[in-house]
Amino acid sequence: MSYYDIDSILTDAQKLPCTFELEVPGLGILEGNAGEDIKAGTRLDLPLWLGEMLSIGARLGTSRLVTLDMPEALSERVLNALKADPRTVDLRSLAPHFYNLSERILELFEEEEMVDILTDTFKKRAAEIADHAHNSRGAVGEGVEFLRGLDETERQLFRAAHDRAKEMRAWAGQVKRK
Amino acid sequence: MAFPLPRGITPSEIAFLAEMEMVTIMPRQRLEGLELLGGPIEPIVPPRRASLPLWLALLLKRQRRANILPPSWLHPGSLELILDIEAHHNDYRHAFSPPPPLPGQPNVRELARGHEPVARPQYTPDGERYFASPPFLPQNAAESNFDPTQVPSLPFHWVEISSMLLDAASDDLTDPDQIRRLLKDIREVRMAKMRAGVDVLDAAATGGGGVALTGVGAMELGEERGFLSGAVDNLRKIGASKEQARREQMAEQRANGGYDATQDEEEDYMEF
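Rules of the game
Residues numbered from 1 in each chain as written. Chains lettered and ligands numbered in written order. Predicted model: local features only at pLDDT ≥ 70, side-chain atom pairs only at ≥ 80, totals over all residues. Pairing = 2+ DSSP bridges. Helix = DSSP H or I, 4+ residues; strand = E, 2+ residues; numbered from the N terminus. Axes fitted to C-alpha atoms, helices over the stretch in contact; angles between N-to-C directions. Domains from an automatic or database assignment. Contact = placed C-beta atoms within 7 Å. Nonpolar A, V, L, I, M, F, W, Y, C, P; charged D, E, K, R; others polar.

Visitor: Hey, could you go over the sheet that holds strand E1 (residues 15-20) of chain A for me, with residue numbers and the actual values?
Guide: All names here are of chain A. One open sheet accounts for three strands, arranged E2-E1-E3; its pairing is antiparallel. The open sheet has two free edges, formed respectively by strand E2 (43-47) and strand E3 (66-68), since each of these has just one partner strand. On average, each strand axis in the sheet is tilted by 45° relative to the strand beside it, whichever way the strands run. As paired elements, E1 and E3 share three bridges and run antiparallel to each other. Bridging across to E3, Cys18 finds its partner in Leu68.

Visitor: Describe the domain arrangement of chain A, and please don't skip the residues or the numbers.
Guide: It is common to give the size of an interface as the accessible area lost on bringing the parts into contact. Residue and element names in this part refer to chain A. Along its sequence, chain A is organised into domain 1 (1-69) and domain 2 (72-178). The interface is formed by seven residues belonging to domain 1 together with seven residues belonging to domain 2. Mapped onto the side of domain 1 that touches domain 2, the elements with two or more residues apiece are helix H1 (6-12) and helix H2 (48-55). The biggest single contributor to the side of domain 1 that touches domain 2 is H1, with three residues. Among the residues forming the side of domain 1 that touches domain 2, the class breakdown is three nonpolar, two polar and two charged.

Visitor: Which residues make up the sheet that holds strand E5 (residues 66-69) of chain B, and what values do they have?
Guide: Residue and element names in this part refer to chain B. Spatial strand order, E4-E1-E5: three strands in an open sheet with antiparallel pairing. Since the sheet does not close on itself, it has two edges, and those belong to strand E4 (50-53) and E5, each with one partner. Across this sheet, the average inter-strand angle for adjacent strands is 50°, counted without regard to direction. Examined bridge by bridge, strand E1 (residues 22-27) and E4 share four bridges and lie antiparallel to one another. Counterpart to Met22 in the pairing with E4 is Pro53.

Structure (C-alpha cells):
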C-alpha cells in the first residue's frame, strides 16, 4: 500500500467502535457537543487511523486512552454468515473495503479463526468471480446480485480477469478479420 | 491506478512472439535466400520442404506461394488424444497434459520404464555446445519421421499458432472444423483446471504448497496472470498476521532448541 493509494486512504477512514477509558477535557467535539468534556466509558465510532493512534498509548507508558472493539463488518454474526455460505454475503454493504479493513484489524487483534474464515471466504468468492469474469455477458445476467456485493479488492480482481478475457476475445476476432 | 498499462503482456504481444516459431512449408515457387536478424534463410526450391519462421510462412501462404505443413499435434487425432488425457486421465485430473519433451528427455512411456533423462547437447556452426530450450525447439515443424509411439503434446505457443494457422491456412489442415471444436474443448478444460487452482493457492501463499503450471501455454498464462497474481497477493495479505505469528513461534523455537538444520532450511524458503 502506498501513501497516495486512494483505497488505503478510504480504508483508514472507516469507522471503528471505541470506548474511552479516561475523561478527556475539551474533546466533546467528537460527540457533537463542542467545548464539553468527553466522559470515561463513552462509546464512539472513530475512524480507523484515529482509533489506532489513541489505543496504542499503553506502549508509551501512559494508560491507554481508548479500547477498540470489532467493527460491525467483522462481528460474530457476519463471520457466522461467512462460515455458512460466503457467496451470499453482501460484503460491499458491510464495508466497501472489507478485505483491506479486515487486514488492518488483524494487525491489531490476534484472531486465528478469523484469518481462516476470511481466507476461505476469499477463495470461494474468487472462484465465483473468475466464472463471472469469463462469461462473455460480463456483469449482466444472473450474476448481478453477487457482483454488486463485491468489495473493492474483489472488484479489482474481477476487472483484471474480465479485461484479460475481453482482450483475448478481441485478439481472436482480430486474427479472423485479417 | 496511475499506471495506464495493465500488468503482463497483451495477447497481440504474445502472438507476436509466437510468430518466431519455425514451421515447415511446401513451397510452390523459388525464393532466394534471405539474411534475417533471426538467422539466414536458405534458398527455397519448390519440391523440397523448408523451415521458416511462422510470420514468413504466413506471408508466403497469403500470397499463395507456399503451403504450410501442419505440425503433428495440430491434427484431429492428436488433439482428441490430448483432450482425453486432459479430461479423463487420472494422473492429470489436477495437472495439465505434459509439454513436449526436451531433446534427450525420455518420453512418458520410457520414463515409466525407468529411463533417466540425459541432456543431449547440440552444436552451433562454430562448434560451440549448447542445450536447446522450449522457445527454440522445432516443436511446430512437421516431422518427416513421425514417431507414432510418442504421445502428442501441446507446445508452449499452441493457442496462438493454432488460431493463426486455422485462420490463414485452414485449407492445409485436415478437418479444420473438427480441430477448431477440439481446441475449444481443450482450452475450456484447461482453464477450468487453472481456476480450480485458486483453492490451493493459499497453501502456496503460506509456504509449502503450490500450483503446478507445467505444460501451460503462453497465451493461457497471459490470460490468467492478472487474476491469479491478484488472488495470491490478497490471500497473502489476509494471512499476514498468521504468518507473522508462525515466524515468531519459529524464532522462539530456534532460540530455545539451538541450531537445527531443518528449521534453517524452512526459514530460507519463507524469505523468498
